Every structure is written in structure tokens, then in C-alpha cells.
Amino acid sequence: MSSIADAPPVGAAAPPLTGMAAGLLPRADRLLCHLVAVPAALIVLAEIGILLAGVVARFVFHQPIIWSDELASILFLWLAMLGAVIALQRGQHMRLTALISKRSPSTQAAMQTLAVGAGALFLLLLLPHAMEYAEEEWFIETPALGWSNMVRAAALPVGVALMLVTSLLRLAQHRLRDLLLVCAVLAVLAAALWLAAPVLKAMGHGNLVVFFVVLLMAGVLSGVPIAFSFGLATLAYLATTTSVPLLVLVGRMDEGMSTLILLAVPLFVFLGALIEMTGMAAAMVNFLASLLGHVRGGLNYVLLAAMYLVSGISGAKAADMAAVAPVLFPEMKRRGCDEGEMISLLSASGAMSETIPPSIVLITIGSVTGVSIAALFTGGLLPAFVLALVLGLIAWKRSRHEDMSGVRKASARMVGRALLVALPALALPFLIRAAVVEGVATATEVSTIGIAYGVLAGLLLYRRFDWRRLYPMLVDTAALSGSILLIIGTASCMAWALTQSGFSRDLAQMMGSLPGGAIGFMAVSILAFMILGSVLEGIPAIVLFGPLLFPIARSMGIHEVHYSMVVILAMGLGLFAPPFGVGYYAACAIGKVSPDAGMRKIWPYMGALLLGTILVAAVPWISIGFLGGK
């Protein structure tokens, strides 16, 4: 299993090159990586500067910069596409590798070739339509800057072309036998769909199973990156069974990726890296350890509390775990804590903290469903706290025999000193939430306030700011953001195709007729999103099914914030539960623990999370009790 946190490069199983190709192809690949990484890093910096300037101008000087959002939107699409290129170059697009890893080396090499080849096929088919789409945007003028909208839309064909070149360079490094095999497989599949077009059209909604279950799952299980699997399934459906011009596919990708609220994704990713680099995350963890470290099982509680606090800053689960685990795991091992228990609790705490603002999943769900971001930020705190309590009970029970010999209770002076050091870091989550809830800044803009605060705290208070790490952090931010946003773009296409097919209407009728009314609907939603979170991960599942299911929930009288919390927690369960949940394997990679160590020990924690999720679903007040008039 592979995720954005620890994915091996697609095509890594290719044999060593010989002759001229051994020097030329890798050199061209490295040059392309450098040419893409520099502008992507500069765009991340520019976005931070533009949005921060907009907040200061509006809130401090009461003179809003009317073109700031427009310029930020133009640059954002370029960031998304260039970031997707970098993620492809690094092999960091989300993909399922559990089945591939169990095959023989020769089969793995062939499947890796298929993963790259299928992505290249999608990009090749998409490129002419992306170019046409950009050309049509030439005549549209942006309202504030007066630029041609082609300046923004050109990011789509440029990004697709660069990804295609990257894929071809990688394919050239694979064995000829595997290349010919993959070409034959893809050609036979395309011919079969073309010949079967009349039959597929006559099937009505039954053809959705062929494209969005059989074809999609075949791609995902074969290791094709999820974004490309979504894109290929949708493109094949539109081309085979409809008369819709494929130009629409590009337009829907643009619409899905260009929502300005999603700009919070790269900015919070960068903020998460910043708090780790400046030592702010370590300061919070050290304070909690001084407070609870002497208690039996105390470091387990520290881990839960630290994940709760850090999640309020970085917004990304991989960043949260990377900030907490390296600080706590060495001491936990010294106390004799079992590696399986440690990684199980880390994974469970990742699922627990999915609703803590400014979670990227919260931002995504608000973007695609129209739910108030401020309401989601307010409603997400208590559900996570409830899950933290049930996990704490399991941690207490499992740590009753922990060896506490040699562990000293920190003195009041030591606790006070740790608190003093941690105060600037502890203030940051509250600053972020208050700025959004009180209307000082939007969910997108508030991340720049956090970044400015983190830079000042790192330079002036913690005296830890490694300028050499700044460029890699910016490039990493672009890559992670690009992999997320490309999925959102292709998932938006699929969601639109499903809606246009009439599937959403049928789904609404089916879900509305479930026995038990709202209770039955909620129970089915929990089960469905657990499965979706395991197979597709949280963000693709939300983008794909959020627009379909949220209107049904509203029609049944379920509060949209309450439903959001239940859905997110259910997805978290699937995301961090082995054997398919990629979050579990990301936790293992970050904690440097074998996945086998926690396979049997994690289930009590997953059971506790399930009970907590059911409790949140049964008691709406947990999610909406503090919303007031929001």
C-alpha cells in the first residue's frame, strides 16, 4: 500500500539502463524535475505573500486589494498542475500497491509499467482537449486584472504535457517486453470498449457498473494512481456511451481544482512543515510529556493530546504524525512499550483527529458541498475529543503493566519552564481557529497568518529557522498539494458524469427508501464511507460522493455539519485500518515500524473509534451544540 507519505516511485521496479540511455534519460528526467520545481516553489511563496497582503490591507488598513484573490486564483491552477507534475516525477501520487507488493519481481515490473502506461494514455487523450480548452479561454477577460483567462487556463495543457513527457521518460526506462505487453493490454481494452459501445449504451445505468466499478477498480487494484484511474474511467464512459464532447472533461477538472478555498491545502501543508522545522511541534510535545510523562501510560496520553493540538495547525495527517512520532517513540521504546501498540495508537489518533480544524478534509468537504467552513471548524473539535476519550480508555487498559522504574515526575519548575517554551506554539491553533470563526480571515487566508506567526516565532523566539530547508519544503508542499488537487479534479469529473447519468437521482431514491429513515441512512453512510476511505482515501471519496449524499441528508433533516463529522470519522476509520487503509502504512513508515507489528494489536483501537463514531452519529449535539447561529 502506498500513499502520498511513502509512495515508491512508479516504475521503480524497472531494471538498470545500459548504453546511451543510462546517462541520457536520467539526465533529462533530472533537468525536467529542476525546471518544474523552481517555478512551483516560487508560486507557493507568491501565494503566501499575496494572501497575507490581502488580509493586512483589508483588516489593518481597511483598503482591500481588489485583484488579490484573482491573481491568487490564476497562480493556484498553475501550482496545482506543476505540483501534480512533481508528484508524478517523485512517484507520490496516491495509489494502491498492496496487491502489487505480493507478486513476483517480474510481475511487479510489468504492473509498474502498466501503472505508468495507463497514466500516459489518459494524459495523451486529454492533451488535445486541454489545449482546445485553453484556446477558448483566450476571449474571456478577468474582471479585476483585465488579463485574458488563457493566462490561467494554459496551466492545464502545460501541466498535462509535462506529466506526459515525464511518463514517457519513465516508460523508456522499462523493459521492452513489459512495454509491448502493456500496449497490447491497453489496445485490446480500448478496442473491446469501442466494439461494445452499442451494447453498453443499451444497458442504461447498468453500464455505470462496467466503467465506475469494474474498470475503475481494475485500475486502482493494478496500482494505477487514483487520479488517473478516475480520469480514465470517466473518459472511457463519456467517449463510449455519450455524445458529450471531451472538452467538458477538462472544464470539470478546472472547476474542481480552481475553488479558491482549496488554496488552503498547500498553505496548511507548508505551515505543518514550518512548525516542525522551527521546533514548535517539539515544544508542545515536550510540555505535554513533562505534564503527563510520569503517569502509567502517560506517553500514550501525550501522543493523543499532541495529535489533537498539532492537527489544529498543519491540517495534514502525514505532517501531524511526522511532527509527533519522532519526538515520543524513542522514549516510549525505552519504557518497553511494544512497537505494535505504539503504531496502533498513532494510526488510531490519526483517524481520531480528522475533524480537528483546519483539517484538509474539512476544507475539501466545505468546498464541494457548500457547508460553512467556520461551522465545520467549530463543529469538529468535540467529536475528535470524544474519540480521544475512548482511545484514552483503551490506552489506559493496555498500559497497566508498563515499566515505570526510573521514570521521574517532572518538578513544578520543569513543567513551568516547558509551558513557557511551548506557549507560543500552543497559541497558534487557537489563533487560527479564532481568526476564521471571528471573520478576521477566510479559511484560505488564515493559513498565511499562521505562516507569518510561525516564521516570527522560529526566528525570534525559538531561534530555529534553517534557511536551507526552505526550498525543499516549498517543493514538497507543491508536490503534496498537486497530488491531492489532481485527484479532486478527476473525481469532480466522475461526480459530474454520475450526476448527468441520472445515478444521483436513483441513489437519492434508494437511500431515501432505506428502512429506518434517517437512522438507516446514517448507518449505511458510516459503512459506505468506511469502505470508501479504505479504498479511495478520504479526499477522493468526499469529492466523488459528497455532492450526491449531502442533499439526501438535508432532505432527511440531518444537519449538514453533523453529517460531515460522521462521514469524516467513518472515512478516517477506513483510511487507518489495515490491510487496505493507506494511513496505517504511512504511520508505519513515519514511526519506522514494520506493518506486521500492529496488524493484530490495532483492532481494539479501531473498535473504540467505531463506537465513538456511532456515539457522534447518535448524538447530534456533539457536532452542532456549539454552532449557535452559524
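Calculation notes
- Residues numbered from 1 in each chain as written.
- Predicted model: local features only at pLDDT ≥ 70, side-chain atom pairs only at ≥ 80, totals over all residues.
- Heavy atoms only, no water.
- Helix = DSSP H or I, 4+ residues; strand = E, 2+ residues; numbered from the N terminus.
- Buried < 20%, exposed > 50% of the residue type's maximum accessible area, 1.4 Å probe, protein only.
- Contact = heavy atoms within 4.5 Å.
- Expected span 1.5 Å × (residues − 1).
- Salt bridge = Lys/Arg side-chain N within 4 Å of Asp/Glu carboxyl O.
- Phe/Tyr/Trp six-rings, centres within 6.5 Å; stacked < 30°, edge-to-face > 60°.
- Domains from an automatic or database assignment.
- Polar contact = N/O pair within 3.5 Å; in protein donor to acceptor, adjacent residues only side chain to side chain.
- Nonpolar A, V, L, I, M, F, W, Y, C, P; charged D, E, K, R; others polar.
- Axes fitted to C-alpha atoms, helices over the stretch in contact; angles between N-to-C directions.
- Parallel < 35°, antiparallel > 145°, perpendicular 65-115°, else oblique.
- Left-handed = near helix turned anticlockwise from the far one by under 90°.
- Patch = residues over 30% accessible without salt bridge, like charges linked within 9 Å, V, L, I, M, F, W, Y side chains within 5 Å.
- Areas by Shrake-Rupley, 256 points an atom, 1.4 Å probe, with all protein chains shown as cover.

A. Structural detail: the environment of Gly454. Structurally, the position occupied by Gly454 is in helix α20 (residues 446-461). Given a relative accessible area of 0%, Gly454 falls into the buried group. A C-alpha to C-alpha distance of 10.0 Å links Gly454 and Glu276, two positions 178 residues apart in sequence. Leaving out residues up to four positions away in the same chain, Gly454 has contacts with Leu274, Thr278 and Met280.

B. Expanded view of helix α15 (residues 339-352). Given a rise of 1.5 Å per residue, 14 residues ought to cover 20 Å, and the 20 Å separating the end C-alpha atoms of α15 matches this to within 8%. For α15, a buried count of 13 out of 14 residues is recorded, marking the element as mostly surrounded by other parts of the structure.

C. A look at the pattern of salt bridges. Across all of its chains, the model carries 7 salt bridges by this definition. Across the salt bridge formed by Arg252 and Glu255, the nearest N and O atoms sit 3.2 Å from each other. Here Glu255 and Arg252 lie together in helix α10 (residues 247-257), a separation of 3 residues that amounts to about one turn. The salt bridge partner of Glu276 is Arg469, with a shortest N-O separation of 2.8 Å. Taken together, the positions of Glu276 in helix α11 (residues 264-278) and Arg469 in the loop between α20 and α21 (470-500) put the pair 193 residues apart, joining distant regions of the chain.

D. Highlighting unusual backbone geometry. The backbone of His62 sits at a positive phi, close to 55°, despite the residue not being glycine. Tracing the sequence through the fold places His62 in the loop between α1 (21-59) and α2 (68-90). Of note in the backbone geometry, Arg463 takes a positive phi value of approximately 50° without being a glycine. Position of Arg463 among the secondary structure elements: in the loop between α20 and α21. Residue classification places Arg463 among the exposed residues on the basis of a relative accessible area of 68%.

E. How the structure looks around the environment of Val44. Here Val44 is to be found in helix α1. Accessibility expressed as a relative area gives 1% for Val44, which makes it buried. Along the chain, Val44 and Val160 lie 116 residues apart, while their C-alpha atoms are 20 Å from each other. Contacts of Val44, omitting those with residues within four sequence positions, involve Leu79, Leu474, Thr477 and Ala478.

F. Representation of the packing of aromatic side chains in the model. Enumeration over the complete set of coordinates arrives at 7 aromatic pairs. Seen in terms of ring centroids, Phe122 and Phe228 are 6.1 Å apart; in terms of plane orientation they differ by 50°. Their pairing is tilted. Residue Phe122 is found in helix α3 (residues 105-136), and its partner Phe228 is found in helix α9 (residues 226-241); the two are separated by 106 residues along the sequence. Aromatic side chains Trp621 and Phe626 sit 5.3 Å apart centroid to centroid with 55° between the ring planes, which places their arrangement in the tilted category. Here the aromatic residues Phe211, Phe212 and Tyr237 are joined through ring pairs into a cluster of three or more.

G. A look at the domain arrangement of the chain. Along its sequence, the chain is carved into domain 1 (24-258) and domain 2 (284-465 + 502-625). If you average the C-alpha positions of domain 1 and of domain 2, the two centres end up 29 Å apart. Taken together, the contact between domain 1 and domain 2 spans 13 residues of the former and 17 residues of the latter. In this structure, the connection of domain 1 to domain 2 is made through 0 salt bridges. Counting across the domain 1 and domain 2 interface gives 0 residue pairs in polar contact (both at pLDDT 80 or more). Of all elements in the fold, only α1, α8 (207-221) and α9 reach the threshold of two or more residues within the side of domain 1 that touches domain 2. At 6 residues, the largest contribution of residues to the side of domain 1 that touches domain 2 is made by α1. Tallied by class, residues from the side of domain 1 that touches domain 2 come to 11 nonpolar, 1 polar and 1 charged.

H. How the structure looks around the packing of helix α16 (residues 360-369) against helix α25 (residues 560-576). At a closest axis distance of 11 Å, the pairing of α16 and α25 adopts a crossing angle of 130°. Judged by the inter-axis angle, α16 sits oblique to α25. α25 is crossed by α16, and the crossing has right-handed handedness. Contacts from Val361, Leu362 and Ile365 in α16 reach Ser564, Met565, Ile568 and Met571 in α25. Its residues placed into classes, the contact of α16 with α25 shows 6 nonpolar, 1 polar and no charged.

I. Seen up close, α20. The end-to-end C-alpha distance of α20, which contains 16 residues, comes to 21 Å, matching closely the 22 Å that a straight helix rising 1.5 Å per residue would cover. Of the positions making up α20, those classed as buried are Val446, Ser447, Thr448, Ile449, Gly450, Ile451, Gly454, Ala457 and Gly458. Following α20 by one or two positions, Arg463 adopts a phi angle in the positive range, close to 50°.

J. View of the environment of Ala435. With respect to the secondary-structure elements, Ala435 resides in helix α19 (residues 412-437). When its relative accessible area of 6% is taken as the criterion, Ala435 is described as buried. Sequence separation between Ala435 and Thr278 is 157 residues; the distance between their C-alpha atoms is 22 Å. Discounting chain neighbours no more than four positions away, the residues touching Ala435 are Val440, Ala441 and Val446.

K. Molecular detail of the side chain of His93. Within the secondary structure, His93 is located in the loop between α2 and α3. Looking at His93, the relative accessible area reads 3%, which means it is buried. Among the polar contacts made by the side chain of His93, one reaches the main-chain carbonyl oxygen of Ala84 at a distance of 2.9 Å.

L. How the structure looks around a nonpolar patch on the surface. A cluster of nonpolar residues, Leu456, Leu459, Leu460, Leu461 and Trp467, forms a patch on the protein surface that exposes about 550 Å² of accessible area. One can find Leu461 in helix α20. A residue is classified by how much of its surface remains accessible, and Leu461, at 57% relative accessible area, is exposed.

M. Focus on the side chain of His174. Within the fold, His174 resides in the loop between α5 (155-171) and α6 (176-195). Reaching out from His174, the side chain makes a polar contact with the side chain of Thr113 at a distance of 2.6 Å.

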